[in-house]
Amino acid sequence: MTRTALVLGAGMVGVSCALALQKRGIAVTLIDRKEPGRETSYGNAGVLASSSIVPLNNPSLYAKIADYLGNRHPALNLSWRRAFTRPGWLLRFLWEARPSQAAARIAALQALTASTVDRHRALMTEAGVAHRLRENGTLKLWRTEAGHAGAQAEHDFLKRHGIASQILDRQGISAVEPSLNPIFPVGLLIPSVGSVDSPGAVTAAYAALFAERGGRIERAEVTALARQGAGWRASTTKGAFDADIAVVALGPWSGDLLEPLGLDPRLDVERGYHRHLKPQPGTNLARPVYDVDGAYYMAPMEQGYRITSGVDLSFRDAPDNHRQIDSATASAREAFPLGEVIGETWRGARPTLPDSVPMIGEAPRHPGLWLAFGNQHIGFSTGPITGEMIAAMVCREKPPIDPAPFRPGRYMS
Ligand SMILES: Cc1cc2nc3c(=O)[nH]c(=O)nc-3n(C[C@H](O)[C@H](O)[C@H](O)COP(=O)(O)OP(=O)(O)OC[C@H]3O[C@@H](n4cnc5c(N)ncnc54)[C@H](O)[C@@H]3O)c2cc1C
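Thresholds applied
- Residues numbered from 1 in each chain as written.
- Predicted model: local features only at pLDDT ≥ 70, side-chain atom pairs only at ≥ 80, totals over all residues.
- Heavy atoms only, no water.
- Helix = DSSP H or I, 4+ residues; strand = E, 2+ residues; numbered from the N terminus.
- Rg over C-alpha atoms; globule rule 2.2 N^0.38 Å.
- Buried < 20%, exposed > 50% of the residue type's maximum accessible area, 1.4 Å probe, protein only.
- Contact = heavy atoms within 4.5 Å.
- Areas by Shrake-Rupley, 256 points an atom, 1.4 Å probe, with all protein chains shown as cover.
- Lys, Arg positive; Asp, Glu negative; His and termini not counted.
- Charge placed at Lys NZ, Arg CZ, Asp CG, Glu CD.
- Near = heavy atom within 4 Å.
- Polar contact = N/O pair within 3.5 Å; in protein donor to acceptor, adjacent residues only side chain to side chain.
- Nonpolar A, V, L, I, M, F, W, Y, C, P; charged D, E, K, R; others polar.
- Domains from an automatic or database assignment.
- Buried area = accessible area lost by both parts, 1.4 Å probe.
- Salt bridge = Lys/Arg side-chain N within 4 Å of Asp/Glu carboxyl O.
- Phe/Tyr/Trp six-rings, centres within 6.5 Å; stacked < 30°, edge-to-face > 60°.
- Lys NZ or Arg CZ within 6 Å of the ring centre and 35° of its normal.
- Axes fitted to C-alpha atoms, helices over the stretch in contact; angles between N-to-C directions.
- Parallel < 35°, antiparallel > 145°, perpendicular 65-115°, else oblique.
- Pairing = 2+ DSSP bridges.
- Core = buried A, V, L, I, M, F, W, Y, C linked by side-chain atoms within 4.5 Å.

Caption draft 1: Representation of the overall build of the protein chain in the model. What the protein chain contains, in helices and strands, is 13 helices and 22 strands. Rg of the C-alpha trace for the protein chain: 21 Å, near the compact-globule value of 22 Å for 413 residues, within the 12% margin. Taken over 413 residues, the protein chain has a buried fraction of 58%. Counted over contacts in the protein chain with a minimum sequence separation of 6, partners at least 24 positions apart contribute 76%. With an accessible surface of roughly 16400 Å², the protein chain has 54% of that area assigned to carbon and sulfur atoms. Charge separation in the protein chain, taken as the distance between the mean sites of 45 positive and 39 negative side-chain charges, equals 3 Å.

As structure tokens, this is what we get:
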């Protein structure tokens, strides 16, 4: 029986695992080198993405590749040096996009995302931060009349999957977001999507809830992970911590501690940036909006209006490349009356596996070592269900959804 657990990483995924294990009576130590929620779980767009069920590498990617390869499109930046250093990952990412794989991955992502808003609403209420939740949807916007076809196709696709959406014309867009400049002839409102006004503060509040309930949080760098008797030991800058099980929830850094154990989860990163801008006085944005042609989200946050960029496929720790966020900022200024930039540009890295489906389960050949990472573009949304799945499997309960598509063994033996 599991009585003690180490959870490594206090982003949304790790904090959620810690809370779910604690709920089952397990004494949990949560370890992070930073305060909870200061990395990827801080800088995202805060969208509770209950409709994000299509993996980024879907069959339509093949048609877009030629457009992307010149690194002129704001949706993607590809470092060729990185591509040639790790060609296997990129080829696998492209291979997983083939049509025969689409339905199973869409089903897995829909199962994972369906309860996102309900789970966060419950946790935010328990953590005393329900005021940070908005339940008024997200709005996708197209800049040209050609967007009608895209909006209609997405509306029909979502309908087939039981997700309601509403196609809006220019007037309809103005009715729901009056401060947007009238440059978008077509939009798609997806009402069931939620959002928060500070993902970092929400993650920190969940961690505070965990501590209030008796959980232990240690601020230390984990330097190694090894078997210790029947359990696991994390060596850290503050000494060693032992427990019956260990959960690796280190987001984009998860591979670093696994590779010395002979485990290569094929994790890579899709970097992204954000920048905050002040809205002009008298304007308001009620919900996050996504400019399809500009390839950015603009989300109202506590700190200002947060513009988040597309995907930068570069080495995780390479210097910033602001091409996409500069382009997104310029496009956002066309869309909305924005004032000055607030603070510095932030960079983060979405942890991504080649099939764009996270790894949630026990590591092959390493009993008691649990993996919870690779939540790519939807990790803020899907942290809570990831935590519930891990805790249920650790306690030999039935997980809330079928864990098979998420099993670590699909990439490691
Ligand atoms: C620009 C951008 C926009 C996004 N928008 C959205 C969105 O709108 N909605 C959504 O759902 N998702 C979004 N995402 C994705 C989401 O942010 C991530 O999937 C999610 O935050 C991953 O959470 P995590 O807990 O796995 O990782 P993290 O939040 O990165 O947590 C990992 C933790 O591990 C710690 N750590 C790492 N190595 C060590 C070590 N050796 N020792 C100790 N601690 C260590 C780090 O300090 C960190 O706190 C976005 C991502 C980006 C980059």
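Caption draft 2: Examining the site of the ligand more closely. The ligand sits among 32 residues. The nearest are Asp-32, Thr-40, Ser-41, Gln-376 and Ser-381. With respect to the ligand, the backbone of Arg-33 contributes an N or O atom lying 3.2 Å from a nitrogen atom. Within the contact set of the ligand, a nitrogen atom lies 2.9 Å away from a backbone nitrogen or oxygen of His-377. Out of a free accessible area of 1000 Å², the ligand has 97% covered by protein chains. Elements represented by at least two residues in the shell around the ligand include exactly α1 (12-23), α2 (40-43), β20 (338-352) and α13 (379-394). Considering each element in turn, the shell around the ligand owes the most residues, three residues, to α13. Residue composition of the shell around the ligand, by class: 15 nonpolar, twelve polar and five charged. Inspection of the shell around the ligand shows a minimum of three residues originating in each of domain 1 (4-41 + 200-263 + 355-410) and domain 2 (53-98 + 131-196 + 268-352).

Caption draft 3: Here's a closer look at the domain arrangement of the protein chain. Partitioning the protein chain into domains gives domain 1 (4-41 + 200-263 + 355-410) and domain 2 (53-98 + 131-196 + 268-352). On a C-alpha basis, the centroid separation for the pair domain 1 and domain 2 is 28 Å. Of the residues lining the interface, 15 residues belong to domain 1; the matching set on domain 2 comes to 16 residues. Between domain 1 and domain 2, roughly 1300 Å² of surface is buried when both sides are summed, and carbon and sulfur atoms account for 61% of that area. Interface area lost by domain 1 to domain 2 is led by Pro-252, Ser-356 and His-377, which between them contribute 37%. At the junction of domain 1 and domain 2, the tally comes to five residue pairs in polar contact (both at pLDDT 80 or more).

Caption draft 4: Representation of the pattern of salt bridges in the model. Counted according to the given criterion, the structure contains 28 salt bridges. Between Glu-218 and Lys-238 there is a salt bridge whose closest N-O contact spans 2.8 Å. Linking Glu-218 in strand β10 (residues 216-219) with Lys-238 in the loop between β12 (231-236) and β13 (239-243), this pair joins segments that are 20 residues apart in sequence. Among the residues examined, Glu-218 registers a relative accessible area of 12% and is labelled buried.

Caption draft 5: Broad picture of the packing of aromatic side chains. One pass over the full model with this rule turns up five aromatic pairs. Consider the rings of Trp-89 and Phe-93, whose centres lie 4.9 Å apart with planes at 15°: the pair is stacked. You can see Trp-89 and its partner Phe-93 sitting in helix α5 (residues 87-95), four residues apart, about one turn around the helix. The class for Phe-93 is buried, based on a relative accessible area of 5%. Between Arg-98 and the ring centre of Trp-95, over which it is positioned, the NZ or CZ distance is 3.8 Å. Its guanidinium or amino end placed over the ring of Tyr-42, Arg-306 lies 5.4 Å from that ring's centre, counting from NZ or CZ.

Caption draft 6: Representation of the packing of helix α3 (residues 60-69) against α5 within the structure. Where α3 contacts α5, the two axes come as close as 10 Å, and the packing angle between them is 130°. Classed by the angle they form, the pair α3 and α5 counts as oblique. Along the contact surface, α3 presents Leu-61, Tyr-62 and Ile-65, while α5 presents Phe-93, Leu-94 and Trp-95.

Caption draft 7: Structural context of the sheet that holds strand β3 (residues 47-48). The strand order across the open sheet built from three strands is β3-β9-β5, with neighbouring strands paired in antiparallel fashion. The outermost strands of the open sheet, each flanked by one partner alone, are β3 and β5 (133-134). Where β5 and strand β9 (residues 194-196) come together, two bridges link them in antiparallel fashion. Considered in β9, the bridge of Arg-134 is made with Ser-195.

Caption draft 8: Structural view of the nonpolar core. One finds Leu-21, Tyr-206 and Val-247 to be the most contacted residues of the largest nonpolar core, which totals 63 residues. Per-element tally for this core: the top contributor is α1, with eight residues. Looking at which domains feed residues into this core, each of domain 1 (4-41 + 200-263 + 355-410) and domain 2 (53-98 + 131-196 + 268-352) gives three or more. For Val-247, the contacting residues outside a window of four places in its chain are Leu-6, Val-7, Leu-8, Cys-17, Leu-21, Trp-370, Ala-372 and Ile-390. Among the nonpolar cores identified, the runner-up in size contains 26 residues, and Ala-220, Phe-241, Leu-250 and Ala-363 belong to it.

Caption draft 9: The side chain of Glu-177, seen in detail. Examined against the element boundaries, Glu-177 turns out to sit in the loop between α9 (170-176) and β8 (186-190). Looking at Glu-177, its side chain comes within polar contact range of the side chain of Arg-287, at 2.8 Å. If we skip the residues at most four places from it in the chain, Glu-177 touches Leu-139, Asn-284, Leu-285, Ala-286 and Arg-287.

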